[in-house]
Amino acid sequence: MTSSEAPRPTGEPADVARLRAALASLRGDGGPAVDAERIFDAVHGRLSVEERQLIVDELLANPDAAEVWRLARELSVEPPARVRPQYLGWRWLTAAAVVLLAAGAAWQYTRPASEPVYRGSEARAVVSTLPADATLPRAQPVLRWTGVEGARYRVRVLTPELELLEASAESPAVEHTIGADALQRVPAGGRIVWQVEARLSDGSTVVSPTFTARIE
Amino acid sequence: MRVHPPDIGDATDREPAPAESRWTALASAMARAVRRQCPAWLSDHAQDIAQMALAKVMAAEQREGERPLTSFYLHRVAHSALVDEIRRRKRRPEVPLEATLEGGQERRVEPVATGDPESSASFRELGTAVRDCLAAANRDRRLAVTLYLQGHTVPETARILGWDNKRAENLVYRGLADLRQCLLGKGHRP
């Protein structure tokens, strides 16, 4: 996926491939996170000319952004120029959670044990350490998950209808106690949906699958 | 670039479908958006990446409220999830970074292989010199050459920067000439 190994277009100067590869060899210094979606918009002409030029100008100073730009170009499948908006109401989020949970469960149960390690030893995955659909004591409803080194976490707790009950502040702790205000809105034996977003030391984020639990 | 019209609209517009079937259509469209952009070497994990992309959609909805779930948006989120995964793997030195072309021929993702002389410090010094030279160049020439060295053709460079082809061609040509002179001045053979 490198410019240096791609066939040289007719008329391209002979030294360009070498210059491209040399520039691409620069590595980022873990600076601010790169907004891949904004770069995607720029590559596909969805930003103004001025904004696109500003982003291109950033590529030199930010090798991470340059790498994301190259990926946006190389992976490019032109999205449709004109699309019809699809407004889906809040109800679809409930179904979304169900499908995500089902997909996650299917992934866990159907993935061959001998498959090369992807998520199992994945140091950056965030996975609940609670039993599936655990029942939490109302007096001490603690959510726990596997940590990622150096990460800080935010937790969202929602109803099964995905109404937000609580969103935690960012914290390095790999557990979160659901607050009293949120608990008041959960009936005895009621179910909650929760999800963790980990902000890593390099500025990137990892969003966990959604998990469920019951409140005693 | 190939154009693949999405068909989520077809799936959701035939009749007022219940929310779950709408979401199923969305999940299916996201899976297709991921597969269309996914390099062959990562295709075994397309399902997992699609799930990560769906989680991004959910998180965005929860954070920012409802938004139009256009096919462009789905492609963008799918792309973002793919980029996250590719960059994550590139940071893991033990993972071979191989890509497969459509015909099955394999190629490397990294521009240079470990141990390649071009991966040496001197090669990166050349990259640094390219960057320094461009940073000191006239802005328009810098923008043109930066995009050209990112792998864009002259017409693509013109489109992205909002210029006509002739102007882009001139700026790339003159910018490259300036760059070569600057590199020679720094003791580098372009």
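Definitions and limits used
Residues numbered from 1 in each chain as written. Chains lettered and ligands numbered in written order. Predicted model: local features only at pLDDT ≥ 70, side-chain atom pairs only at ≥ 80, totals over all residues. Heavy atoms only, no water. Helix = DSSP H or I, 4+ residues; strand = E, 2+ residues; numbered from the N terminus. Buried < 20%, exposed > 50% of the residue type's maximum accessible area, 1.4 Å probe, protein only. Contact = heavy atoms within 4.5 Å. Areas by Shrake-Rupley, 256 points an atom, 1.4 Å probe, with all protein chains shown as cover. Phe/Tyr/Trp six-rings, centres within 6.5 Å; stacked < 30°, edge-to-face > 60°. Lys NZ or Arg CZ within 6 Å of the ring centre and 35° of its normal. Pairing = 2+ DSSP bridges. Core = buried A, V, L, I, M, F, W, Y, C linked by side-chain atoms within 4.5 Å.

Glancing now at the overall build of chain B. Across its full length, chain B holds eight helices and two strands. Each helix (α) and strand (β) of chain B, taken in turn from the N terminus, gives the series α-α-α-α-β-β-α-α-α-α. Every one of the 190 residues in chain B was classed for burial, and the buried ones make up 51%. Residue pairs in contact within chain B that sit at least 24 positions apart in sequence constitute 52% of those at least 6 positions apart. A total accessible area of about 8,800 Å² is found for chain B, and carbon and sulfur atoms account for 48% of it.

Between two aromatic rings, the relevant description is the distance of the centres plus the angle of the planes. For the structure shown, the criterion picks out three aromatic pairs over all chains. Pairing Trp145(A) with Trp194(A) gives two aromatic rings, centres 6.2 Å apart and planes at 50°, and the pair type is tilted. Taken together, the residues span a long stretch of sequence, with Trp145(A) in the loop between strand 2 (142-144) and strand 3 (152-158) and Trp194(A) in strand 6 (residues 191-199) at a distance of 49 residues. Overall, the relative accessible area of 0% leaves Trp194(A) in the buried class. Here the guanidinium or amino end of Arg20(A) rests over the ring plane of Tyr148(B), the centre of that ring lying 5.0 Å away. It is Arg46(A) that lies over the ring of Phe72(B); its NZ or CZ is 3.8 Å from the centre.

Residue and element names in this part refer to chain A. In terms of residue burial, strand 6 counts as a mostly covered element, since seven of its nine residues are buried. Sheet topology note: the strand 3/strand 6 ladder contains seven bridges and is antiparallel. Residue pairing for strand 6: Val-155 is matched across the bridge by Val-196. Where strand 6 lies against strand 8 (residues 211-215), four bridges are found, and the strand directions are antiparallel. Counted as the bridge partner of Ile-192 is Ala-213 from strand 8.

Attention shifts here to the nonpolar core. In terms of nonpolar packing, the biggest core is built from 70 residues, with Ile39(A), Trp69(A), Met30(B), Val130(B), Leu149(B), Leu179(B) and Leu183(B) touching the most fellow members. In terms of nonpolar packing, the next biggest core, distinct from the first, is built from 25 residues, Tyr153(A), Ala182(A), Ala198(A) and Leu200(A) among them.

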